[in-house]
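Structure at a glance
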Amino acid sequence: MTQLLRLKKAGLDFSLNVILGCAGADLWKENAKATADMLNRVQPHLLFIGTLHADKGCQLYFDMQSGAFKECTFGQLLDEQELLIRKLELNDTIYFGSHPSNVMPMEGYLPLHKEEMLDVIQKTRERLHDRLNTNPLRAGEGSILDR
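Structure report, in brief. Bear in mind the structure is a predicted one, so any value in this text is a computation, not a measurement.

This part is about the pattern of salt bridges. Applying the stated criterion across every chain yields a total of six salt bridges. Ionic pairing is found between aspartate 26 and lysine 70, a salt bridge with its closest N-O pair at 3.8 Å. Residue aspartate 26 is located in the loop between β1 (15-20) and α2 (28-42), and its partner lysine 70 is located in the loop between α3 (59-66) and α4 (74-87); the two are separated by 44 residues in the primary sequence. Residue class for lysine 70 comes out partly exposed when judged on its relative accessible area of 48%. Of the charged contacts, one joins arginine 125 and aspartate 79 as a salt bridge, the two residues approaching to 2.7 Å between their closest N and O atoms. Highlighted residues: arginine 125 in helix α5 (residues 114-127) and aspartate 79 in helix α4, separated in sequence by 46 residues. For aspartate 79, a relative accessible area of 27% puts it in the partly exposed group. Each of Asp79, Glu82, Arg86 and Arg125 takes part in a single network of salt bridges with overlapping partners.

How two aromatic rings sit relative to each other is set out by the distance from centre to centre and by the angle between their planes. Applying the stated criterion to the full structure yields two aromatic pairs. On the numbers, 5.9 Å between centres and 85° between planes, the contact of phenylalanine 48 with phenylalanine 96 is edge-to-face. With a gap of 48 residues between them, phenylalanine 48 in strand β2 (residues 46-51) and phenylalanine 96 in strand β3 (residues 93-97) connect regions that are remote in the sequence. Its relative accessible area of 32% is what places phenylalanine 96 among the partly exposed residues.

The next point concerns the environment of phenylalanine 48. Classification of phenylalanine 48 as partly exposed rests on a relative accessible area of 33%. Discounting chain neighbours no more than four positions away, the residues touching phenylalanine 48 are Ser15, Leu16, Asn17, Val18 and Phe96.

Judged by nonpolar contacts, the single largest core of 32 residues is most densely connected at Leu39, Leu47, Leu84, Leu88, Tyr95 and Val103. Every element with two or more residues in this core is listed here: β1, α2, β2, α4, β4 (106-110) and α5. When residues in this core are grouped by element, the largest group, six residues, is from α4.

Look at helix α1 (residues 2-9) against α2: their axes get within 9 Å of each other, and the N-to-C directions meet at 30°. For the element pair α1 / α2, the angle class is roughly parallel. On α2, the residues that touch Leu4, Leu5 and Lys8 of α1 are Met38, Arg41 and Val42. For the contact of α1 with α2, the per-class residue count stands at four nonpolar, no polar and two charged.

Quick notes on the rules
Throughout, a residue's number is its position along its own chain's written sequence, starting from 1. Two thresholds apply to this predicted model, a pLDDT of at least 70 for residue-level local features and 80 or more for giving and counting side-chain atom pairs, whereas whole-chain, interface and lining totals are computed over all residues. Only heavy atoms go into the side-chain values, all of them from the structure, while hydrogens and water stay out. Any carboxyl oxygen of Asp or Glu within 4 Å of a side-chain nitrogen of Lys or Arg constitutes a salt bridge here. What counts as a helix is a DSSP run of H or I of at least four residues, what counts as a strand is a run of E of at least two, and both are numbered from the N terminus. Exposure categories follow from relative accessible area, calculated using a 1.4 Å probe and restricted to protein chains: below 20% of the type maximum is buried, above 50% is exposed, and the middle band is partly exposed. The pairing test for Phe, Tyr and Trp rings, Trp by its six-membered ring, is centres within 6.5 Å, and the orientation test on the planes gives stacked under 30 degrees, edge-to-face over 60, and tilted for anything in between. Contacts are assigned to residue pairs that have any heavy atoms within 4.5 Å of one another. In this description, a nonpolar core means a group of buried Ala, Val, Leu, Ile, Met, Phe, Trp, Tyr and Cys residues linked to one another through side-chain atoms lying within 4.5 Å. The axes used here are C-alpha line fits, helices contributing only the stretch in contact, and every angle between their N-to-C directions lies in the interval 0 to 180 degrees. Roughly parallel covers angles under 35 degrees, roughly antiparallel covers those over 145, roughly perpendicular covers 65 to 115, and oblique covers all other angles. Polar here means any residue outside two lists: the nonpolar Ala, Val, Leu, Ile, Met, Phe, Trp, Tyr, Cys and Pro, and the charged Asp, Glu, Lys and Arg; Gly therefore counts as polar.

This is a description of form; function is not addressed.
Set out below in structure tokens:
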């Protein structure tokens, strides 16, 4: 974070990647709060949003299969994204969440589009109401096939 603040002080814009679900099903709330705190401090110009996914053969994939790491459900991913956005106090940041690993595509400027983005999450929650407690079906690059 120190180096990001140095960039900001020098007047240089920077972008950050945020991975929802990276703390797992048990810690999504803590992850959203800690991520929002860090982002509020550094005020990035652009945020890229994606969700955690694991390709076959990597250790995380095996941990998910064995239950050692609990992947977030649709509902938890939506909850984490909602909490993150609610906690964000950004002055002028582009939020770019169109990666195929996301539950739904979402783009906007923060704080300008904050309420609209929260509405999209709520509508997606309503649309997926019968699958909120299930894990996404994924393909290459973590693409969610059943969103």
